[in-house]
Amino acid sequence: MTSTNRWIHDAVDPKTRTWEEFYRNRWQFDRVVRSTHGVNCTGSCSWNIHVKDGIVTWEMQALDYPTLDADIPPYEPRGCQRGISFSWYLYSPLRVKYPYMRGALLDLWRKARAEHDDPVAAWRSLVSDPEKRGRWQRARGKGGLRRVDWDTCLELISASCVQTIQDRGPDRIAGFSPIPAMSMISYASGSRFLQLIGGTSLSFYDWYCDLPNASPEIWGEQTDVNESADWFNAKFLAVMGSNLNMTRTPDCHFAAEARHNGTKMVVFSPDFSQVVKYADEWIPLNAGQDGAWWMAVNHVILKEFHHEQQTAAFLDYCRVYSDSPFLVELTAKDGAFEAGQLLRAGRLAGYADEENGEWKFLVCDENDGRPKMPMGTVGHRWGDAKGKWNLLPRDGRDGSDIDASLTFLGDVGATARVRLDDFAEGRSVHRDVPVREIELADGSKVTVATVYDILMAQYAVPRDGLGGDYPADYDDASQSYTPAWAERYTGIDRKTLLRFARQWASTAEHTGGKCTVIIGAGVNHWYHANLMYRAAIHSMIFCGCVGTNGGGMAHYVGQEKLAPMESWSSIALAKDWVPAVRLQNTPSWHYINSDQSRYEKNARDYHTVPDGVTPGGYADCHTIDANVRAVRQGWLPFYPQFQKNSLDVVAEAEAAGATDAAGVSKHVVDELVARKLKFAIEDPDAEEAWPRVWLIWRGNAIMSSAKGHEYFLDHYLGTHTNHISESLAGEAVKEVTWHEMAPQGKLDLIVDLNFRMDTSALYSDIVLPAATWYEKDDLNSTDMHSFIHPLSAAVPPCWESKSDWDIFKAIAKSFSKIAAKHYPQPVNDVIAAPLLHDTPAEIAQAGL
Amino acid sequence: MPKFAVVERDYKNVYEKYISYGHLPRKNGLGAHGTHYDITDVHDELVRTNPSRTIDGAEHLSLERARDVANVILVLATVTNGELAWRSYKDMEEKVGLPLADLADGNRNVRVQFADLQAQPRRLLNSPMWSGLTNSGRAYAPFTYNRERMVPWRTLTGRQHLYLDHPLYLEFGEHVPTYKPGPPPAEFADLRFSEKVGPTLELNYLTPHGKWHIHSTYGENERMTTLGRGCDPLWMNETDAESLDIVDNDWVEVHNDNGVVVTRAVVSARIPRGICIQYHSPERTYSIPKSPLRGHKRAGGHNSMTRTRLKVNLMAGGYGQFTFHFNYWGPTGCNRDTQIYVRKLPELVW
């Protein structure tokens, strides 16, 4: 039947409904394979991928999530409008189907290869010639990518790596790939290769500003949050900086279901955002003033629920689970007292010989007023005596019970007038704080207050017998943190704040702490985000909400939770072969290497700090100087680590007589102290210190992730840029060597593994075709739920694409072949690593 | 001073090592976040049952195929191998001095492999590496482990820290919770060299995540470029727009010292005055016209407006919870305090 006949047939005999064949064909499939999307959306949704004749035809949400428990609504179905459109990419015009190389580079490479048998020598001939190097650098972002074969790409990449290792050092080879949890094995591919050769892995969570610094500040934890099902357990949800139905689409139903179950939900958002429609109350806070709001909420909670009502559950919680009762040393300065560091147990006669006494701390016992040393502090964690790192209220020395005092108010009547900062008004305020004197082992006495009493003063809670700059009442806007004060910043009237604070705390009181803050990038991306988060978290610690179902700080920004961390990191960081790694915090790396540091002066220009800070100190310097000091002190990593090649440094140490690791370390330290060896960060614009090869995979490092994109184009890439800033830092920087002319085009080679022709691909020198999320086996986890998902190869990688794992495997193979000639024997490398969390280095530096 | 470690680089064998699981974890055990457990027996069992490779006469787990890698990860991790979780709790019991291993009692015979995950989503098991407890279908909430089992937080006092006594925090006045005003626009200096040309407004530039993309993915697919405005528009307040004679869908030029963006305006009463939004994230692959203000060079994307500033006290180290860990601690790449000028685009040039 011809098509015309068929149309007539349908019209004449519609009952056969033959037109439906088209529809049925479209949705036919041979098989269904489970996969998900590795896009750092946090969703981690289980999808069924439908395949027909070897072609992915469509995807549909999987409906087989196991139920958590009968009282919580089920997770399924998970998935959103973005994920369900993913299959389009596999066969789209944007798909990277073949390897590509920048034409200007390919021509030069072929010529150089014709002249040099050794690919390493060929690459060296190109990068050592500024004119040639500039040719492909200036072409970056201007098109001209040419299809090329895999072998040519692999050989060039490997040659560039070997040349960089030989001439500059392995840490000049850097790799960026975001958030491993979204496709763990694909992340592991490049980072495993880099760590095997001594390259630098760049961080992502802090660079994206997804890391909430208040979490490590308060909990020592990167991020640990409620799975979305736990929203259903909350009785009060405060949502801020997070647009749930927009960006947590598959999870949002739990918020709706919680509301049906009686949970109150308040949304804070300067705009009428989508999630507002779910709210009982919309509070349109002025943008970026979330911190002012929570500071005033805490003022009310502390005044009413702590001081006036003495809510037992709240006080008991703070006594056991927070540092509230710990003693802080106060020092006299200019007629007032300043709050300082925690008083160390080892300074008291009774604990003078205590192991790690500088890292154990004190509280006062409510019954006899004597200072005692609770178990569970960091000194107990890293001591030889095990079994005392717990929160039981007992003395770490004699095991006696401790009933810790939260406050010294009223017991002996002594007070000290403490100076505090009011940064909003740019002034000091002075408030009385109840204190005691404690005798030290040397017979001298120190003035101490509890953390709790200092906080009461900082939150400006007026208490009987305490003079100074306390507000008269809630309507007193002259002192910080009253509801009247907050109005000025938040734009929200004091009655609304009072109502919220009272409902928040009384809900916590009546439910055992079931108040949750759902928070996101809308708050976390401000310069002072750590302070905003911290204030919100304080409200939940004051009300006993942290560590209970339905309570706590639910921060969702980035898919950071890689659940099977232990075994994964052994593979991803090649710790199964190499015991030390080069892991770089990317914010410092880009700030310094892409020369963004050159475009500002003293950070104090815009960061409000107390009056009277040490001139030239951390709070009064250019940020790059602070970063240099932080690296010298072992606080932060920095790679490239030395001005010299780290392989040469070891060779020199060995030539000078070092026979083991200790000898090499000593040599390095001596050279650094003698200033014969310099850290690369001390002269980052010197040619010797530049990063040279940049490998990018699973991400869009040059656009989506490139804060200061135009400076990347200028200083990394050496191509056209639209920034018009001029260097300003010359007179401000003290710790780094200043170059009048900023380098342009530090990077010799940029390689991008991608399945989309995105901005990073457009600016790279080599683009390698990567498999999509329906073409490879991988693993995916999230903090939005407590399941782990596979990515599966529903179809093999299309065209010439390969999985990330297989691409780096191919690079490793080609690299090894070329390296065999240049490095027939193993060589030694020295790694400079910072002091690390969860190691005894946590007790490395008691003072600056 | 940093710590120095000397390691061997065996460059000609990088490939062999890439595809084989080395023996250091078998020798030293595994752990994370301060946990530790032995894997010798499980490792050796895997060598017998899973693909392996011989190097210098010793059997190594093969990592040649991604699927093999997945199984090594799953079988050697505590959240997917209950026996190892139990071991890790036993190790933690010694450090803490309290019973904990009962948290894994019911899971000791649970072991998840890749094919299991393909069959049905599997729930993660209790593990001392994470702070939430999920026994018997309980929803995961952080720090329930610390609160109920009296395991300290990994901080200076082992408690939640309301007070931060690192000398750097004292120096910056952030030892106590406080309110600091945001960086003042003039001193933050996004507009030091930029000039207002014609009617111009200064606005705070925000780049939240949007409904129709995940970062730069999905926004440029065929549906979105067909159904949307064909570009990543700038959302602005109607009164602000009116003051510049901008109506909905007009082209605008957004600029500061850091770069320039040219796109269409979405004029909406939803957006407060003084703020504009460009959703994260545009791509240079579509709808980027040229900029008259920057010599008719092609404009950029949302990160053309940003420049990195680091908050110095977040660099503190060597001290309790203020100790570096990759992606865990350190200054962040904040971007929300960015200021821009916006004006109506005088002429559209592709």
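Reading guide: rules and limits
Residues numbered from 1 in each chain as written. Chains lettered and ligands numbered in written order. Predicted model: local features only at pLDDT ≥ 70, side-chain atom pairs only at ≥ 80, totals over all residues. Heavy atoms only, no water. Helix = DSSP H or I, 4+ residues; strand = E, 2+ residues; numbered from the N terminus. Rg over C-alpha atoms; globule rule 2.2 N^0.38 Å. Buried < 20%, exposed > 50% of the residue type's maximum accessible area, 1.4 Å probe, protein only. Contact = heavy atoms within 4.5 Å. Lys, Arg positive; Asp, Glu negative; His and termini not counted. Charge placed at Lys NZ, Arg CZ, Asp CG, Glu CD. Patch = residues over 30% accessible without salt bridge, like charges linked within 9 Å, V, L, I, M, F, W, Y side chains within 5 Å. Areas by Shrake-Rupley, 256 points an atom, 1.4 Å probe, with all protein chains shown as cover. Salt bridge = Lys/Arg side-chain N within 4 Å of Asp/Glu carboxyl O. 1 Å grid on protein atoms, 1.4 Å probe; cavity = no way out; pocket = protein on both sides within 12 Å on 5 of 7 lines; lining within 4 Å. Points joined across faces, edges and corners; volume = space filled by probe spheres on them. Nonpolar A, V, L, I, M, F, W, Y, C, P; charged D, E, K, R; others polar. Domains from an automatic or database assignment. Arc of directions from axis to C-beta. Pairing = 2+ DSSP bridges. Buried area = accessible area lost by both parts, 1.4 Å probe. Polar contact = N/O pair within 3.5 Å; in protein donor to acceptor, adjacent residues only side chain to side chain. Core = buried A, V, L, I, M, F, W, Y, C linked by side-chain atoms within 4.5 Å. Axes fitted to C-alpha atoms, helices over the stretch in contact; angles between N-to-C directions.

1. Re the overall build of chain B
A count of helical and extended segments in chain B gives eleven helices and 13 strands. In terms of overall dimensions, chain B is more spread out than a globule: its C-alpha atoms have a radius of gyration of 27 Å, far above the 20 Å expected for 350 residues. Along the first, second and third principal axes, the C-alpha set of chain B runs to 75 × 50 × 45 Å. In chain B, which comprises 350 residues, the share counted as buried stands at 67%. For chain B, contacts bridging at least 24 residues in sequence account for 66% of all contacts bridging at least 6. Counting 42 positive and 40 negative side-chain charges, chain B places the averaged centre of each group 0 Å from the other.

2. Digging into a nonpolar patch on the surface
A cluster of nonpolar residues, Trp7(A), Ile8(A) and Val12(A), forms a patch on the protein surface that exposes about 370 Å² of accessible area. Along the chain, Val12(A) falls in helix H1 (residues 3–12).

3. Quick word on the layout of surface pockets
Gaps left between atoms show up when a probe the size of a water molecule is rolled over them. Space inside the second largest pocket adds up to approximately 570 Å³. Among the secondary structure elements, those contributing two or more residues to the lining of the second largest pocket are strand S11 (327–333), strand S12 (336–342), strand S15 (415–422) and strand S16 (427–434) of chain A together with helix H8 (167–171) of chain B. Among the elements that line the lining of the second largest pocket, the one with the most residues is S12(A), at six residues. For the lining of the second largest pocket, a count of residues per class yields nine nonpolar, eleven polar and ten charged. For the lining of the second largest pocket, the domains that each give at least three residues are domain 2 (100–208 + 565–643 + 678–770 + 803–819) and domain 4 (304–458) of chain A.

4. With respect to helix H12 (residues 312–321) of chain A
Along H12(A), the residues classified as buried are Phe314(A), Leu315(A), Tyr317(A), Cys318(A) and Tyr321(A). Down the axis, H12(A) shows its buried residues gathered within 165 degrees of arc, on one side only.

5. What about the sheet that holds strand S2 (residues 20–21) of chain B?
Residue and element names in this part refer to chain B. A sheet is described by the order of its strands in space; here three strands give the open sequence S2-S4-S3, paired in antiparallel fashion. The open sheet has two free edges, formed respectively by S2 and strand S3 (52–55), since each of these has just one partner strand. The pairing of S3 with strand S4 (residues 58–62) spans four bridges and is classified as antiparallel. Residue pairing across strands places Ile55 opposite Ala58, the latter belonging to S4.

6. Considerations on the interface of chain A and chain B
On the chain B side, the residues contacting the 250 residues of chain A number 192 residues. In total, chain A and chain B occlude about 19500 Å² of area from one another, counting both sides; carbon and sulfur atoms represent 62% of this. Where chain A touches chain B, the interface holds ten salt bridges. Between Glu221(A) and Arg154(B) there is a salt bridge, with its nearest N and O atoms 2.9 Å apart. Taken together, the links from chain A to chain B amount to 140 residue pairs in polar contact (both at pLDDT 80 or more).

7. Some points on empty space enclosed by the protein
Residues and elements named next belong to chain B. A complete count under the given rule lists 15 cavities of 30 Å³ or more for this structure. Its volume calculated, the second largest cavity comes out at about 160 Å³. For the second largest cavity, the lining is made up of 18 residues, of which Pro128, Tyr145, Asn146, Pro152 and Arg154 are closest to its centre. Of the residues belonging to the lining of the second largest cavity, the class tally is eleven nonpolar, four polar and three charged.

8. Considerations on the environment of Val33(A)
Residue and element names in this part refer to chain A. Within the element layout of this structure, Val33 appears in strand S1 (residues 31–35). Val33 gets classed as buried once you look at its relative accessible area, which sits at 11%. Placed 762 residues apart in sequence, Val33 and Val795 show a C-alpha to C-alpha distance of 9.1 Å. Excluding anything up to four places from it in sequence, Val33 contacts Trp47, Asn48, Ile49, Ser792 and Ala794.

9. Concerning the domain arrangement of chain B
Split into domains, chain B comes out as domain 1 (11–149) and domain 2 (185–344). Each of domain 1 of chain B and domain 2 of chain B was reduced to a C-alpha centroid, and the two centroids are 43 Å apart.

10. Thoughts on the domain arrangement of chain A
Residue and element names in this part refer to chain A. Looking at the assigned domains, one finds that chain A contains domain 1 (3–91), domain 2 (100–208 + 565–643 + 678–770 + 803–819), domain 3 (214–289 + 491–555) and domain 4 (304–458). Relative placement of domain 2 and domain 4: their C-alpha centres are 46 Å apart. Residue-level contacts link four residues of domain 2 with four residues of domain 4. With both chains or domains summed, domain 2 and domain 4 bury close to 300 Å², and 56% of this area falls on carbon and sulfur atoms. Among the residues domain 2 hides against domain 4, the three largest losses belong to Thr608, Pro610 and Asp611. Together they make up 87% of the total. The interface formed by domain 2 and domain 4 contains zero salt bridges. Split into classes, the residues belonging to the side of domain 2 that touches domain 4 amount to two nonpolar, one polar and one charged.

11. Comments concerning the nonpolar core
Residues Trp293(A), Trp294(A), Phe500(A) and Trp504(A) are the most contacted members of the largest nonpolar core, which totals 164 residues. Looking at this core element by element, the count peaks at ten residues for helix H11 (residues 290–308) of chain A. Sequence-distant contacts of Trp293(A), that is, excluding residues within four places in its chain, are made with Phe268(A), Ile283(A), Leu285(A), Thr490(A), Ile492(A), Thr496(A), Leu497(A) and Phe500(A). Counting 127 residues, the second-largest nonpolar core is a separate cluster that includes Ala574(A), Leu583(A), Ile702(A) and Leu30(B).

12. Observations regarding the pattern of salt bridges
Once their charged atoms are close, side chains differing in charge can pair, the charge on each being opposite to the other. Residues and elements named next belong to chain A. Taken as a whole and judged by the stated rule, the model has 87 salt bridges over all chains. Lys132 is paired through a salt bridge with Asp129; the nearest N and O atoms lie 3.8 Å apart. The class for Lys132 is partly exposed, based on a relative accessible area of 23%. Taken together, the shared-partner salt bridges in this structure form one network comprising Arg133, Arg168, Glu687, Arg692 and Asp748.

13. Description of the environment of Gly143(A)
In this fold, Gly143(A) is placed in the loop between helix H5 (130–138) and strand S5 (145–147). Taking relative accessible area as the criterion, Gly143(A) reaches 38% and is therefore assigned partly exposed.

14. Some words on the packing of helix H7 (residues 184–197) of chain A against helix H19 (residues 565–572) of chain A
All names here are of chain A. At their nearest, the axes of H7 and H19 sit 8 Å apart, and the two run at 35 degrees to each other. Residues Met184, Tyr187, Ala188, Ser191 and Arg192 of H7 form the contact with H19, whose own contacting residues are Trp568, Ser570, Ile571 and Ala572. Of the residues belonging to the contact of H7 with H19, the class tally is six nonpolar, two polar and one charged.

15. Concerning the environment of Tyr639(A)
All names here are of chain A. Looking at where Tyr639 falls in the secondary structure, it is placed in the loop between helix H21 (623–632) and helix H22 (646–655). Spatially, the C-alpha atoms of Tyr639 and Ser215 are 26 Å apart, while their sequence positions differ by 424 residues. Once you skip the residues sitting within four places of it in the chain, Tyr639 turns out to touch Asp171, Thr200, Val581, Arg582, Leu583, Gln584, Trp589, Asn593, Ile831, Ala832, Ala833 and Pro834. Side-chain polar atoms of Tyr639 contact the backbone oxygen of Ala832, separated by 2.6 Å.

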